[in-house]
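Read off the chains here:
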Amino acid sequence: MPNDQSIPNPTPPRRPPRLLTVSAARRLTPNMIRVTLTAPSLGDIPADRAGGHCKIMLPEPGQGRDTFARQLIDGPRPVTRTYTIRHARPDACEIDIDFVAHGDEGPASAWAGRAQPGDVLGFAGPGAPKLTDLEADFYLIAADMSALPVAAASLEALPCGATGIAIFEITSAEDRQEIAAPAGISQHWIIHADPHHRSLRQVEMIRAMPWPAGRMATMVAGETGVVRDLRLYLRGERGLDRRDVYASGYWRIGLAEDAHQKVKREEAEADEARLARIDGGSG
Ligand SMILES: Cc1cc2nc3c(=O)[nH]c(=O)nc-3n(C[C@H](O)[C@H](O)[C@H](O)COP(=O)(O)OP(=O)(O)OC[C@H]3O[C@@H](n4cnc5c(N)ncnc54)[C@H](O)[C@@H]3O)c2cc1C
């Protein structure tokens, strides 16, 4: 079996899933696992796709490579989750994905915790990077551990003269990472030891910060309840333009991904209707 396959699908996505092989897996910090994946076809992923999302398809524990490769072709659809490309190294045909280690109740977290060289994963993507505005006057970034990869990749892609604030909510002090952000971005690391309880710290910090002059671009991602509060604050109370606000729920306390995505869509529609009423009212 070749170690890279383009797999046809009866209802083809834009590009068929690829079969990737783990080349390394290590604890980056106590609650984050970095998995390096390789396949010859990754040579076509541009390095600037770091920060783009991807879909990963997980084999069952103990499932062999050939059986999994057949399942990707014939179905049923394997367990699928959404992650971020932390680094893309097309010259080496490699990507890194950083997984929050939140225990074995989530198949993706459990898979990453067991990952070893030679293991396989289905992969679809990458999506586009999330923060593409490189000309804002001020950047506001807020992320929990699940969004640390997208926040770090976005910060590293900003022009060196960019200014702003980046707030990271992590599980322990040891989960802090070195991020090569522009010097004008102040980094703040908040410890929230139990992610299964909603944190108010990001919202409090952002509400309390002096509001900068000029046009702000934001990237807010993480637990959906926190992100929702921030989106309503930034759009509803601060009046930021929709195009300047990337605010995306990446997971939700107590819900696995499929259920979370459904609730997220419903809440986003309700929020947009609410924001439209505010806009209309202030008209
Ligand atoms: C665009 C996008 C990009 C993302 N990028 C990343 C990334 O790069 N790295 C990353 O780690 N996550 C990322 N996520 C979040 C990830 O998709 C979810 O955390 C997902 O639920 C993990 O799947 P799972 O199988 O481990 O857990 P699931 O089966 O989905 O959930 C099982 C249980 O675990 C809980 N849970 C899920 N995620 C977390 C968490 N982070 N902390 C604590 N409890 C949790 C759920 O509430 C649920 O109770 C991203 C999400 C999106 C939408």
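Not measured: the values here are computed from a predicted model.

Engineer: Lay out the sheet that holds strand S1 (residues 18-29) with the relevant residues and their values.
Structural biologist: Here seven strands make up an open sheet; going across it, the order is S4-S3-S7-S1-S2-S6-S5 and the pairing antiparallel. Edge positions in the sheet fall to strand S4 (79-84) and strand S5 (87-89), since each of these pairs with one other strand and no more. Each adjacent strand pair in this sheet contributes to an overall mean axis angle of 35 degrees, direction not counted.

Engineer: Give me the site of the ligand: which residues, what numbers.
Structural biologist: Neighbouring residues of the ligand: 26 residues in total, closest Thr 84, Val 100, His 102, Gly 106 and Ala 108. Of all the secondary structure elements, the ones that give two or more residues to the shell around the ligand are S4, strand S6 (94-100), helix H2 (107-114) and strand S12 (245-251). Among the elements that make up the shell around the ligand, the one with the highest residue count is S4 (four residues). The residue makeup of the shell around the ligand, split by class, is 13 nonpolar, eight polar and five charged. Both domains that furnish three or more residues to the shell around the ligand are identified here as domain 1 (18-124) and domain 2 (138-282).

Engineer: A description of the domain arrangement of the protein chain should follow, citing residues and the corresponding values.
Structural biologist: For the protein chain, the assigned domains are domain 1 (18-124) and domain 2 (138-282). Its C-alpha centre places domain 1 at a distance of 25 Å from the equivalent point of domain 2. Opposite the 14 residues of domain 1 that make contact, domain 2 presents 16 residues. Per element, the largest residue contribution to the side of domain 1 that touches domain 2 is three residues, and it comes from S4. Here the side of domain 1 that touches domain 2 is composed, by residue class, of four nonpolar, seven polar and three charged.

Engineer: I'd love a proper account of the nonpolar core, names of residues and values included.
Structural biologist: Of all hydrophobic cores here, the largest spans 64 residues; its most connected members are Ile 141 and Ala 151. Discounting residues that sit within four places of it in the chain, Ile 141 has contacts with Ala 151, Ser 154, Leu 155, Gly 164, Ala 166, Ile 167 and Met 219.

Engineer: How would you sum up helix H5 (residues 224-237)? Please name residues and give values.
Structural biologist: Taking 1.5 Å of rise per residue, the 14 residues of H5 would be expected to cover 20 Å, and the 19 Å separating its terminal C-alpha atoms lies within 8% of that figure. Regarding H5, the residues found buried are Thr 224, Val 226, Val 227, Leu 230, Arg 231, Leu 234 and Arg 235. Buried residues in H5, looked at end-on, bunch into an arc of 150 degrees, giving them a common side. Positive backbone phi, at 70 degrees, marks Gly 239, one or two positions downstream of H5.

Criteria and cut-off values
Along each chain, residue indices are assigned from 1 in the same order as the chain's sequence is written. In view of the model being predicted, local features appear only for residues whose pLDDT reaches at least 70, and side-chain atom pairs are presented and counted only at 80 or more, with totals across whole chains, interfaces and linings using the full set of residues. In this analysis, strands are considered paired if DSSP registers two or more bridges between them. Numbering of helices and strands runs from the N terminus; a helix is a DSSP stretch of H or I covering at least four residues, while a strand is a stretch of E covering at least two. Axis definition: a line fit to C-alpha positions, over the contact stretch in the case of helices; interaxial angles, taken between N-to-C directions, run 0 to 180 degrees. Residues are counted as near a molecule or strand when the C-beta atom, derived from backbone positions, lies within 6 Å of that molecule or strand. Gly falls in the polar group here, along with every residue not listed as nonpolar (Ala, Val, Leu, Ile, Met, Phe, Trp, Tyr, Cys, Pro) or charged (Asp, Glu, Lys, Arg). Throughout, the edges of the domains are those of an automatic or database domain assignment. For the purpose of contact definition, each residue receives a C-beta atom placed from its backbone, and two residues are in contact when these atoms lie within 7 Å. Each nonpolar core comprises buried Ala, Val, Leu, Ile, Met, Phe, Trp, Tyr and Cys residues, the members being joined through C-beta atoms within 7 Å. Think of it as a crowd count around each C-beta: if 20 or more other C-beta atoms lie within 10 Å the residue is buried, if 12 or fewer it is exposed, and in between it is partly exposed, with C-beta placed from the backbone throughout. Expected helix span is given by 1.5 Å per residue-to-residue step, counting one fewer step than there are residues. Arc, as used here, means the arc of the directions from the helix axis to the C-beta atoms.

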